[in-house]
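One-letter residues, chain by chain:
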Amino acid sequence: MTARLHRLALAAAMLALPFGCTPSAPPPAAGSGPVLFDYFAYEGNDPVFADAMGPNEMRNPILTGFYPDPSITQVGGDYYLVNSTFCYFPGIPVWHSTDLVNWTQIGNVIDRPGMLDFDGLGLSRGVFAPTINHHDDVFFVANTCVDCGGNFIVTAADPAGPWTDPVWVPDVGGIDPSLFWDTDGKMYLMNNDEPEGGSTYDGHRAIWIREIDPQTFQPVSEPVMIINGGARPEDKPIWIEGPHIYKVDDGYLFSAAEGGTAVGHSQVLFKAPAVTGPYAPYAGNPVLTQRDLPEDRPQPVTSVGHAEFVQDASGNWWAAFLGVRPYRGDLYNTGRETFLLPVTWTDGWPVILEAGKTVPYSLQRPDLPASDAAVPPTTGNFSIREDFDSGLPKEWLAVRVPAESWYAFEGGALELSSREASIGSGLQPSLLGYRQKHTNATAETELRVFAGDEAGIAAFQNDNYFLALTVSGDANGQTVRLMKKSGEADPERGTVLAETRVPAPAGSPVKLRIEARGGEYDFSYSTGDSDWQALATDVDGSILSTQTAGGFIGSVFGLFAQTQIPVSD
């Protein structure tokens, strides 16, 4: 035990902050030692991915799991894509591909404490709907930090980073900033905000545009409202957002999401002779939706929208957009995912999907030079195992921005410091998460917990909605518990759904497993060489859906540690 305590003290003194930052303060008092996680294993097994792909086919979605609000750009033969991460850190993953099929995460835009502050925010606040552009050898990401600063722009010479600190754009409200460079060199910023004179109904929004200085990003013209409400104002459309402008021939093509992020989501188009309008809607709007299809269709993809167009090297147009794969009704725990479809030009308009057609799970792949297969994979059924030999992959997440050092790697194990900030505290807990990427998924780990500590693996949606399989130790053995929190009124650490004592003394290995089967979750444990023992089965996992928990994020499987306190029954 003395050696272990010495190792923790050394880690606290010398270890850089999570994701490569320098500690500003020592960690708070913890239990008797760090919790050690020997591995993390994940496997997905969705029936929709069971069929093998042909040599010229690809799968949808291209990014499974919580990867919403895609924005995509082309630079020669390379394609780059970013997603929303809200109050997770690091934020805004950056993906690279050469074929639009295989994607590799090369970095994160928000990867340093001090860039943004998420303290005190619900997990579905923070960074909404980033857009990525490339102009004059510089990459740009425009974004909103909701409740934490407003609209900002960051830049980088290399999309893998580093990215600059945010430059805040004053006097621009609302959300979803997007950039456009006209052929005369002028730089414009669009955003969603209330219409002139204010909203006249719930969800009534407008799209505004203004010229900004290409060096300082400060507005240099008065804002102009180019869209009021949406494609058919007489129908009182809601939540026009995610704007993009494209120069096509001698005119301007405007594209935006409309209808809200649930099953009414869609994509609509407009055209104008000048960048500031007037914009006329396409008579065939929407060019993408699934709201007109039967609710009982098999293996549905719903809530599609928030699309952005990209041209490939041959001049073909494609659209990246978000969608969800519910397991029942409008229930889904995997969050909003990134899909790709080819674009068909119809009477001069880019149509993503004809009315009445379903989003396909497989399609003809682009005729582009193949990328190396992504490692780890991003779609289909797959399994991964992380043995913590060389740090964490870029896709792992912490809740909010770490302000101190609380994890390390030692001898092929992940060490988490137990801290008073629990996973239900609304603060910044010792939790590292891997997205749930399949409706049917299994996640497991092996850990060693010492007296005074509590740790485990959680199916975590947000601070108020989670199912946590925990281990706590004392002098006489260890207790395995299943904790449930399903609302703000529940105790911080949840209530006990099931528990059992195991004879293994504190500090000896315990394996934990969570198996998701749509809206039902099973929880098991194992000690020594014993078989898996069920602690609880058929637990209601619909509490992890956004329909129940609210917000905009998907679930993660989180490895966590916290100080041990009495729990509520």
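Residues numbered from 1 in each chain as written. Predicted model: local features only at pLDDT ≥ 70, side-chain atom pairs only at ≥ 80, totals over all residues. Heavy atoms only, no water.

## Concerning the overall build of the protein chain
A count of helices and strands for the protein chain gives 2 helices and 40 strands. Each principal axis of the C-alpha atoms in the protein chain carries an extent, and together these give about 75 × 50 × 50 Å. Expressed as a percentage of the 569 residues in the protein chain, the buried residues total 59%. Considering only contacts within the protein chain whose residues lie at least 6 apart along the sequence, 60% involve residues at least 24 apart. Charged side chains of the protein chain number 34 positive and 70 negative; the gap between the two group centres comes to 4 Å. (Helix = DSSP H or I, 4+ residues; strand = E, 2+ residues; numbered from the N terminus. Buried < 20%, exposed > 50% of the residue type's maximum accessible area, 1.4 Å probe, protein only. Contact = heavy atoms within 4.5 Å. Lys, Arg positive; Asp, Glu negative; His and termini not counted. Charge placed at Lys NZ, Arg CZ, Asp CG, Glu CD.)

## Side note on the packing of aromatic side chains
Here the structure, examined in full by the defined rule, presents 30 aromatic pairs. Their ring planes at 55° and their centres at 5.1 Å tell us that Y42 and Y434 sit as a pair that is tilted. Of the two residues, Y42 is situated in strand 1 (residues 35–44) and Y434 in strand 31 (residues 430–435); the sequence distance between them amounts to 392 residues. Neither residue differs from the other here; Y42 and Y434 are each classed as buried. Arranged with centres 4.9 Å apart and planes meeting at 90°, the rings of W317 and W345 form a pair that is edge-to-face. Highlighted residues: W317 in strand 22 (residues 317–324) and W345 in strand 24 (residues 344–346), separated in sequence by 28 residues. With a relative accessible area of 13%, W317 lands in the buried category. Residue classification places W345 among the partly exposed residues on the basis of a relative accessible area of 35%. Among the aromatic residues, those joined into a ring-pair cluster are F40, Y42, F382, F388, W396, W406, Y407, F409, Y434 and F557. (Phe/Tyr/Trp six-rings, centres within 6.5 Å; stacked < 30°, edge-to-face > 60°.)

## With respect to the state of the cysteines
All chains considered together, the criterion is met by 1 disulfide. With its sulfur 1.9 Å from that of its partner, C145 forms a disulfide with C148. On the sign convention where negative is left-handed, the bridge of C145 and C148, at about -100° about the S-S bond, is left-handed. With respect to class, C145 is no different from C148; both count as buried. No disulfide involves C87; its nearest neighbouring cysteine sulfur is the one of C148, lying 6.1 Å away. (Disulfide = S-S within 2.5 Å.)

## Quick notes on the environment of I92
Tracing the chain through its elements places I92 in strand 6 (residues 91–97). Considering only alpha carbons, one finds I92 and A373, 281 residues apart in sequence, at a separation of 22 Å. Not counting chain neighbours up to four residues away, the residues in contact with I92 comprise V82, N83, T85, G107, N108, V109, I110, V127, P130, V141 and N143.

## Overview of the pattern of salt bridges
Counted under the stated rule, the structure contains 21 salt bridges. Among the ionic pairs, D69 bridges to R336, the shortest N-O distance being 3.6 Å. A residue pair is termed long-range when its members are at least 10 positions apart, and D69 in the loop between strand 2 (57–59) and strand 3 (71–75) and R336 in the loop between strand 22 and strand 23 (337–342) qualify at 267 residues. Owing to a relative accessible area of 4%, R336 belongs among the buried residues under this scheme. For R325, the salt bridge identified is with E337, shortest N-O distance 2.7 Å. Of this pair, R325 sits in the loop between strand 22 and strand 23 while E337 sits in strand 23, and the two are 12 residues apart along the sequence. The exposure classification of R325 matches that of E337, with both residues buried. Salt bridges here are not isolated pairs; linked through shared partners, they connect R517, E520, D522 and D538. (Salt bridge = Lys/Arg side-chain N within 4 Å of Asp/Glu carboxyl O.)

## Observations regarding unusual backbone geometry
P90 follows F89 through a cis peptide bond whose omega is -5°. Between N285 and P286 the backbone carries a cis peptide bond, its omega angle lying at 0°. In this structure, D249 takes a positive phi of about 55° despite not being glycine. The exposure class of D249 is exposed, given its relative accessible area of 72%.

## Observations concerning the pairing of strand 17 (residues 251–258)
For strand 17, the buried fraction is high: 8 of the 8 residues fall into the buried class. Residues G251, L253, S255 and A257 line one face of strand 17 and the alternating positions Y252, F254, A256 and E258 line the opposite face, and both faces are buried. Pairing geometry for strand 16 (residues 241–248) and strand 17, over 6 bridges, is antiparallel. When the sheet's bridge partners are listed, V248 is paired in strand 17 with G251. (Pairing = 2+ DSSP bridges.)

## Brief notes about the sheet that holds strand 31
The strand order across the open sheet built from 8 strands is 5-28-31-40-33-34-35-36, with neighbouring strands paired in antiparallel fashion. The open sheet is flanked by strand 5 (88–89) and strand 36 (495–502), the only strands paired with a single partner.

## A short note on the sheet that holds strand 21 (residues 302–311)
Reading across from one edge, 21-22-23 is the order of the 3 strands in this open sheet, with antiparallel pairing throughout. Each of the sheet's edge strands pairs with one partner strand only, and the pair in question is strand 21 and strand 23. In this sheet, neighbouring strand axes are inclined to one another by 30° on average, regardless of whether the strands run parallel or antiparallel. Alignment of strand 22 against strand 23, held across 6 bridges, turns out to be antiparallel. Within the sheet, the bridge partner assigned to L322 lies in strand 23 and is T338. (Axes fitted to C-alpha atoms, helices over the stretch in contact; angles between N-to-C directions.)

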